[in-house]
Amino acid sequence: MLAAALRFFDLGMWPYSGDETASLYEERSLFHGVSIPPDSQTYRLPRLIPASYLAFHISHELFGRNEWGTRVVIASLGVLSVMLVYWLLSGPFPPIVATVSAMLVALLPQHVLHSQETRFYMVAAFFAFATLLLGSRALSTRSTLYAVLAVVAAFLAVLAHTLLVLLLPLLLLAVGAATFGKGGAVPRATWIVFAAGMAAMVLVLVFYMRPLLGGWNEQVTWGYSVSHAVLASVVMLGWPLTLLTVVGLALLLQERTAQGYYWAVCCLGWLGATLVLPLLVPYHTEYVFPLVLGAIVAAAYAISVVNQLLRTRAAVAAVAWLGLSCLANLPALASYYVDGSRWNLKTAAAYVRSNWLPGDRVAGDAMGLFHQYAAHCCEPLIAVAPGSQGQLAHLVAGRGRLWIVLENTRAGLEPHLQRWLFDCAVHKLSVGGRRFDDAQFSVEVYLAVPPANSTCTGSSAAERLR
């Protein structure tokens, strides 16, 4: 109930982000026959990860093509993933570990975010969580059925997020470490299932995915460094949980149980992916989000051990420890619900529409998303790259008024641009509430009128902006 309340609250209120509108367009290319060049990433991405786009397709077909309808299935998968954590961890671990793990997932701000957006990360996380949890069950019950289900979930995870080809090797490594570290044995049938799954995965990767991946992102200039990736993963998990994860990892290794070895390897797999992937691909921190469960289970184990120690001295302190530990990310979660951690171009577009006059123009750094909410108004839309906003000085010299719509962050707009806007435009609207953390997702709307002097227009103004 907690997970459902958090994931369905304001589900349709948040406007789309640019990535979400791209996902919807890519879904149309796969299921609705929209004509797209076969060599474009817009064509290739939904065919690489059809499981994610099938979830989008089912969602909007059943519930409508709007902000709420396109996110219902994704939010439901977010809720189900919390349920899976509790259900499948109960048995391999004591109930307290399963409960705390489920609570930490339910209250994780990044998990809530991905449950409330039309993107592939929650679909991938659902199947990745299922893979690791079913592997844990296969280890504890020695059941070949759980091994088969884990391999199937790993395949679906790859069809939801290509980089999760790492998942099945991680599962094999974790089961192997648990088996040999503890000196136990896994049924031969289970190893045959894993070997067959690996062979099938290689065939799919070589003959289906590799042709679609040719030249992927080879021209992009973005990408995290290793240090940036590590700190971003810490932010994703939250600093308190990161510290508890380190303690939990040490406890899991020291106690030398099969489940301890298994989840320690899963946790180290998340860390290893964070360290290695930036060296191999243009990296974004969300790429390792589906693997975060290992770190969460380690943190939950540390919390449960401390709780057990406290219970021998003070039951009230033990209960307080459990509650406060599960609420470690509460400030970040409260901040998320201020703006949904996305820029609200919907409100900005509505304001411009209501004040539009014939001959007006609009320029900004998110015109594709602005067009989504412009409702056939406000043409022409002039895209201005964030790094080359000197174009605005030339645009002001044109006929008619110029609306300037810019996405802003805590760092603020460039100082030269801020001075130019102060001198040459009128600030009309700021969209975005005051968050409790230090992040900011605000949209600034300015109106510039062609001036009589040249201080705001022409090449000299553009040079000053640069």
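### Observations regarding a nonpolar patch on the surface
And then number 1: Taken together, the side chains of F8, F31, L54, I58, L62, F63 and W68 make up a nonpolar region of the molecular surface, amounting to roughly 620 Å² of accessible area.
And then number 2: The leading source of residues in the nonpolar patch is helix α4 (residues 50–63), at four residues.

### What about the sheet that holds strand β4 (residues 426–431)?
And then number 1: Pairing within the open sheet is mixed, and its five strands lie in the order β2-β1-β3-β5-β4. Both outer strands of the open sheet, β2 (381–383) and β4, are each paired with one neighbouring strand and no more. Neighbouring strand axes in the sheet, compared pairwise and without regard to direction, differ in orientation by 20° on average.
And then number 2: Pairing between strand β1 (residues 361–364) and β2: three bridges, direction parallel. Pairing of V362 across the sheet is with L381, part of β2.
And then number 3: The strands touched by helix α19 (residues 367–374) are β1, β2 and β3 (402–408); relative to β2, the strand with the most contacts, the crossing angle is about 160°.

### Notes on the pairing of β1
And then number 1: Where burial is concerned, the two faces of β1 agree: the one with R361 and A363 and the one with V362 and G364 are both buried.
And then number 2: The sheet contact formed by β1 and β3 spans four bridges and is parallel. Of the residues in β3, the one forming a bridge with V362 is W403.
And then number 3: Following the backbone out of β1, through α19 and into the adjacent parallel β2, one traces a crossover that is right-handed.

### Observations regarding the nonpolar core
And then number 1: Ranked by size, the top nonpolar core spans 108 residues in total, and within it L133, Y262, W263 and L293 carry the most contacts.
And then number 2: Among all residues touching L133, those that are not within four sequence positions of it are L84, V85, L88, L89, W263 and L293.
And then number 3: Judged by nonpolar contacts, the second largest core, of 22 residues, contains L345, A348, L369 and V443.

### Focus: the packing of helix α10 (residues 167–182) against helix α14 (residues 258–280)
And then number 1: The interhelical angle for the contact between α10 and α14, taken along N-to-C directions, is 145°, at an axis separation of 8 Å. In this structure, α10 meets α14 at a crossing whose hand is right-handed. Of the residues in α14, those in contact with L170, L171, L173, A174, V175, A177, A178, G181 and K182 of α10 are A258, Y261, Y262, V265, C266 and G269.
And then number 2: Classifying every residue of the contact of α10 with α14 gives twelve nonpolar, two polar and one charged.

### So, the packing of aromatic side chains
And then number 1: For the structure on display, the rule yields 14 aromatic pairs.
And then number 2: When the centroid spacing of 4.5 Å and the interplanar angle of 45° are considered together, the rings of F120 and Y121 count as tilted. Across the pair, Y121 and F120 agree in class, each one buried.
And then number 3: Relative to F194, the ring of W191 lies with its centre 6.1 Å away and its plane at 75°, an arrangement referred to as edge-to-face. With W191 and F194 both in helix α11 (residues 188–213) and three residues apart, the pair spans about one turn of that helix.
And then number 4: Through a chain of ring-to-ring contacts, three or more aromatic side chains come together here, namely F9, W14, Y336 and Y337.
And then number 5: In this structure, R47 is placed above the aromatic ring of Y43, and the distance from its NZ or CZ to the ring centre is 3.7 Å.

### With respect to the pairing of strand β5 (residues 442–448)
And then number 1: Of all seven residues that make up β5, seven are buried, and the element is covered over most of its length.
And then number 2: The alternating pattern of β5 places S442, E444, Y446 and A448 on one face and V443, V445 and L447 on the opposite face, and all of these are buried.
And then number 3: Where β3 lies against β5, seven bridges are found, and the strand directions are antiparallel. Bridge pairing in β5 links N408 to S442.
And then number 4: In this sheet, β5 lies alongside β4 in antiparallel orientation, the contact comprising five bridges. Following the sheet pairing, S430 is matched in β5 by E444.

### Some points on the pattern of salt bridges
And then number 1: For the structure on display, the rule yields seven salt bridges.
And then number 2: Between E20 and R71 there is a salt bridge, with the nearest N and O atoms lying 3.0 Å from each other. One end of the pair, E20, is in helix α2 (residues 18–31); the other, R71, is in the loop between α4 and α5 (72–89), and 51 residues separate them in sequence.
And then number 3: Note on E20: relative accessible area 0%, which makes it buried.
And then number 4: One salt-bridge network, held together by shared partners, links E20, R71 and R342.

### A closer look at unusual backbone geometry
And then number 1: That bond from E379 to P380 is cis: its omega, 0°, falls within 30 degrees of zero.
And then number 2: Here P380 is to be found in the loop between α19 and β2.
And then number 3: Notably, S341 is not glycine yet its phi reads approximately 50°, a positive angle.
And then number 4: Mapped onto the elements of the fold, S341 is located in the loop between α17 (330–339) and α18 (345–354).
And then number 5: The backbone of C378 shows a phi angle near 70°, a positive value even though the residue is not glycine.
And then number 6: Of note, C378 is situated in the loop between α19 and β2.

Thresholds applied
In this numbering scheme, every chain counts its residues from 1 along its sequence in written order. Selection of residues for local features in this predicted model requires a pLDDT of at least 70, selection of side-chain atom pairs for listing and counting requires 80 or more, and totals for whole chains, interfaces and linings are taken over all residues. Water and hydrogen atoms play no part in the side-chain values, which are based on all heavy atoms of the structure. Exposure above 30% relative accessible area and the absence of a salt bridge qualify a residue for a patch, where like charges join within 9 Å and nonpolar side chains (Val, Leu, Ile, Met, Phe, Trp, Tyr) within 5 Å. A 1.4 Å probe and the Shrake-Rupley method give the accessible areas. Residues count as covered only by the protein chains that appear here. Here, a salt bridge means any side-chain nitrogen of Lys or Arg that lies within 4 Å of a carboxyl oxygen of Asp or Glu. Secondary structure follows DSSP: runs of H or I at least 4 residues long count as helices, runs of E at least 2 residues long count as strands, and numbering of each begins at the N terminus. Strand pairing follows a simple DSSP-based rule, namely that at least 2 bridges must link the two strands. Between the N-to-C directions of two axes lies an angle of 0 to 180 degrees, each axis being a line fitted to C-alpha atoms and, for a helix, fitted only over the stretch in contact. Only heavy atoms matter for contacts: two residues are in contact if any of them lie within 4.5 Å across the pair. Burial classes: relative accessible area under 20% of the type maximum marks a residue as buried, over 50% as exposed, and values in between as partly exposed (1.4 Å probe, protein chains only). Every crossover in which the path from the first strand over the helix to the second runs clockwise, viewed with the strands pointing away from the viewer, is termed right-handed. The set of buried Ala, Val, Leu, Ile, Met, Phe, Trp, Tyr and Cys residues whose side-chain atoms join them within 4.5 Å is what this entry labels a nonpolar core. Helix crossings fall into two classes, left-handed where the near helix is turned counterclockwise from the far one by less than a right angle and right-handed where it is turned clockwise. All residues other than Ala, Val, Leu, Ile, Met, Phe, Trp, Tyr, Cys, Pro, Asp, Glu, Lys and Arg, Gly among them, are scored as polar; the first ten of these are nonpolar and the last four charged. In summary, the pairing rule links any two rings of Phe, Tyr or Trp, Trp by its six-membered ring, whose centres are within 6.5 Å, and it sorts them by plane angle into stacked for under 30 degrees, edge-to-face for over 60 and tilted for everything else. Charge-over-ring placement is defined geometrically: NZ (Lys) or CZ (Arg) within 6 Å of the ring centre, and within 35 degrees of the ring normal.

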